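Descriptive structure summary
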Amino acid sequence: MGSALREALQMILSGSSLLGNIVVVTLRMSLASSLIALAAGVPLGVLYGSASFPGRKILLILNRTFMGFPPVVCGLLCYLMFSGVGPLRGLKLLYTVEGMIVAQVLLLIPIAAGMTESSVEAIAPAVKETCRGMGLNRRRTLTLIIRESRYQIVTIYILALGRALAEVGAVSIVGGAIAYKTNVMTTAIMNDTGSGDFKTALALGIILFLLYLVLTILSSALQGRMKR
Amino acid sequence: MKENKMKRVMAFLMAGLLAAGVCACGSSAADSSASSAASAAASKPQSTVSAAGSSAAVLAESSAVSEAISAAESQTVSEAAGGVGSVGIQILYEKDDDMKNTYSLEAVNPDAPFKDADSNPVDGVAINSEGAKALIHWLTSEEGEKLGASYGKEKFGESLFTVLEKAPVYKGEIAKAEEGTKTIRLSTTTSVNDSGLLDYLLPVFEKEYGYDVEVASAGTGKAIAAAEAGNADLILVHSKKQEEAFIEAGYSMKLDGYDAERISFMYNYFVLCGPSDDPAKVREAATVKDAFKKIADGKYPFVSRGDKSGTHSKEVTLWPEDLGITTDQESIANYTDWYNYSNAGMGACLMMANEKNAYILSDKATFLTFVANEGNVES
């Protein structure tokens, strides 16, 4: 382990183009997918948590089921869609970062929506009552609900980002782990383990952990400022 | 706060990047990443293995292996418990004709009977035949074959691949990349990719002819399946039986100037590895089949890839026929006490064999990488 840590540091410091590319692709994919999922999932979660409409309970159950949707199955479905013989082959998304983002967004939206729902649910009645008292319209009420949940939303974002960074099943199937193109940290670790290069795999694992640590510190700093 | 601003800037950047990516919907985004990939690939990444090159050269001599390993073992007994143990397995048997491992190229036929997941025929599958042709031409050209045969000398002290005597030599013109033929999708096996051969060869080809080769690697079975799903322009694999089925089904096309669809051009040898004390005494076996019989008779632990890869396909041909071992999982139901059907990559299986003191069939390149890396972890 000690030498693996040294190796990891050497890899980072040597600025190898291969490692740099893996980190860039990983960041591009996970930041994009988590942000899109947040942008789509939070409004959905606010809707689930604050509005009442027919079918809400069923939607909620479905959403919660999809929160636990196996990534490999999601990857498989995307593969079948985007594959050279699949119905969406015209989009040319197989073996691209964009395709990986699509698969991850599909996985992350239910998580972002479900988590938002549970935090909105807790505050929605009180906020709604206050807004009604102040004579605010629907839009202002929803905005206020989101504002009030912003602390939780950052936590949800950290969770979604962590999931996107750590995910391997869907991205390896959709991305194909092509060197310099769709190889991310997790698939690179899989490949290095498969080829017996445990040292590089460990080094990548350490870097992945540090990357998430940095992103979490940044997000937490943002959260800390919100609180004040 | 500074971090806060950074975070915002990063978020904006990513959002912008993504919007551009989504608008371009793949193609143009793929181009831009392709050009960066080409330039990055041109700089030819030095593998981290090179540091251990000298020790690997020593280890390649099988007589020296046991000495080196026992020395390594005695130094690192305490670390072995930490998971990444020292290498206790070594090459026990190699260079039998039955262990010859022939690599072949096949160009995917654009008019192949492609089927979707429901077995309905699919038309208009995009295959870059021109690109596939150019890569096959180059790999079988004098330059390509010479370069391929030299691979491994620097890293492991010996060539890992040999050009077949009967390999075709292409002497004609090789087409340069054009707008629509730039990206070549090569579906290959993990053993080829893991050996580092393609990292060694492809940058030369890409630089000279302007192509961008995307390499997807999986076990031979999966590599062929990807081609059958229209996700590859050519395949580079090592399992004759599976290749013949692929050609039989019409997925490959014959190129002008070559005798057949299956273009065999290089080979190396599989190696039978196992614990250095060799309880099954395979070192004394007359043939590799005899060695496998000894393992089966004594029920010594054996780790199989179990993933329908080329290595797996080869392995099942080496067992005594009356055992009835095939690549199907059910066929080993009666041998689970010693036969481990693991469904994993070569490196992971070597790790498993090392832990269990088991026998294993490996391609030589991956085994040498495995030994080289383990040696380095312990040092």
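Provided above is the structure to which this section pertains.
Let us look at the structure shown here. Note on numbering: residues in each chain are counted from 1, in written sequence order. Going through the entries in the order they are written, you letter the chains from A and number the ligands from 1. In view of the model being predicted, local features appear only for residues whose pLDDT reaches at least 70, and side-chain atom pairs are presented and counted only at 80 or more, with totals across whole chains, interfaces and linings using the full set of residues.

1. Digging into the overall build of chain A
Numbering of helices and strands runs from the N terminus; a helix is a DSSP stretch of H or I covering at least four residues, while a strand is a stretch of E covering at least two. Scanning chain A from N- to C-terminus turns up ten helices and zero strands. When the elements of chain A are put in sequence order from the N terminus, they spell out α-α-α-α-α-α-α-α-α-α. Referenced to the eigenvectors of the C-alpha coordinate spread, the extents of chain A come out at roughly 65 × 50 × 25 Å. Here exposure depends only on C-beta density: within 10 Å of a residue's C-beta, 20 or more other C-beta atoms make it buried, 12 or fewer make it exposed, and intermediate numbers make it partly exposed, the C-beta atoms being placed from the backbone. Burial statistics for chain A: of 228 residues in total, 50% are counted as buried. For the purpose of contact definition, each residue receives a C-beta atom placed from its backbone, and two residues are in contact when these atoms lie within 7 Å. At a minimum sequence separation of 6, the contacts of chain A that also span at least 24 residues come to 76%.

2. Focus: the overall build of chain B
For chain B, the count of helices and strands is 16 helices and eleven strands. In chain B, buried positions account for 46% of the 379 residues. Put simply, 76% of the contacts in chain B that link residues at least 6 apart link residues at least 24 apart.

3. With respect to helix H7 (residues 142–150) of chain B
Side chains that are three or four residues apart share a direction in an α-helix, a result of its 3.6 residues per turn. Residue and element names in this part refer to chain B. Those residues of H7 lying buried are Gly144, Glu145 and Gly148. The arc enclosing the buried residues of H7, seen along the axis, measures out at 95 degrees, which places them on a common side. Exposed and oriented more than 90 degrees from the buried face of H7 are Glu142 and Lys146. Positive phi shows up at Gly152, right after H7, with a value of about 105 degrees. By definition, the arc is the one covered by directions from the helix axis to the C-beta atoms.

4. Observations concerning the environment of Lys308(B)
Residue and element names in this part refer to chain B. Turning to its location among the elements, Lys308 is positioned in the loop between strand E9 (302–304) and helix H14 (310–316). According to the C-beta neighbour criterion, Lys308 is buried, with 22 such atoms within 10 Å. Put simply, Lys308 and Leu135 are 173 residues apart on the chain and 26 Å apart in space, counted from C-alpha to C-alpha. Filtering out sequence-adjacent residues up to four positions away, Lys308 remains in contact with Gly219, Gly221, Ser313 and Thr327.

5. Thoughts on the packing of helix H2 (residues 17–50) of chain A against helix H6 (residues 138–148) of chain A
Residue and element names in this part refer to chain A. Axes, fitted as lines to C-alpha atoms, cover a helix only where it is in contact. Angles between the N-to-C directions of the axes lie from 0 to 180 degrees. For the pair H2 and H6, interaxial distance at closest approach is 11 Å and the crossing angle is 110 degrees. In terms of axis orientation, H2 runs roughly perpendicular to H6. Packed against H2, whose contacting residues are Val42, Val46 and Ser50, the element H6 presents Leu142, Ile145 and Ile146 at the interface. For classification purposes, angles smaller than 35 degrees are called roughly parallel, those larger than 145 roughly antiparallel, those between 65 and 115 roughly perpendicular, and all remaining angles oblique.

6. Quick word on the nonpolar core
For soluble globular proteins, the rule of thumb is that nonpolar side chains tend to be buried together. With 154 residues, the main nonpolar core has Ala112(A), Leu135(B) and Ile360(B) as its most contacted residues. Looking at this core, the element that brings in the most residues is helix H5 (residues 97–134) of chain A, giving 15 residues. Delimitation of the domains relies on an automatic or database domain assignment. Counting contributing residues per domain, this core is built from domain 2 (88–98 + 270–372) and domain 3 (100–268) of chain B, each supplying no fewer than three. Here Ile360(B) is in contact with Ile89(B), Cys273(B), Gly274(B), Phe302(B), Val303(B), Cys349(B), Leu350(B) and Ala353(B), once residues within four sequence places are set aside. Here a nonpolar core is just a set of buried residues of the types Ala, Val, Leu, Ile, Met, Phe, Trp, Tyr and Cys, joined wherever their C-beta atoms sit within 7 Å.

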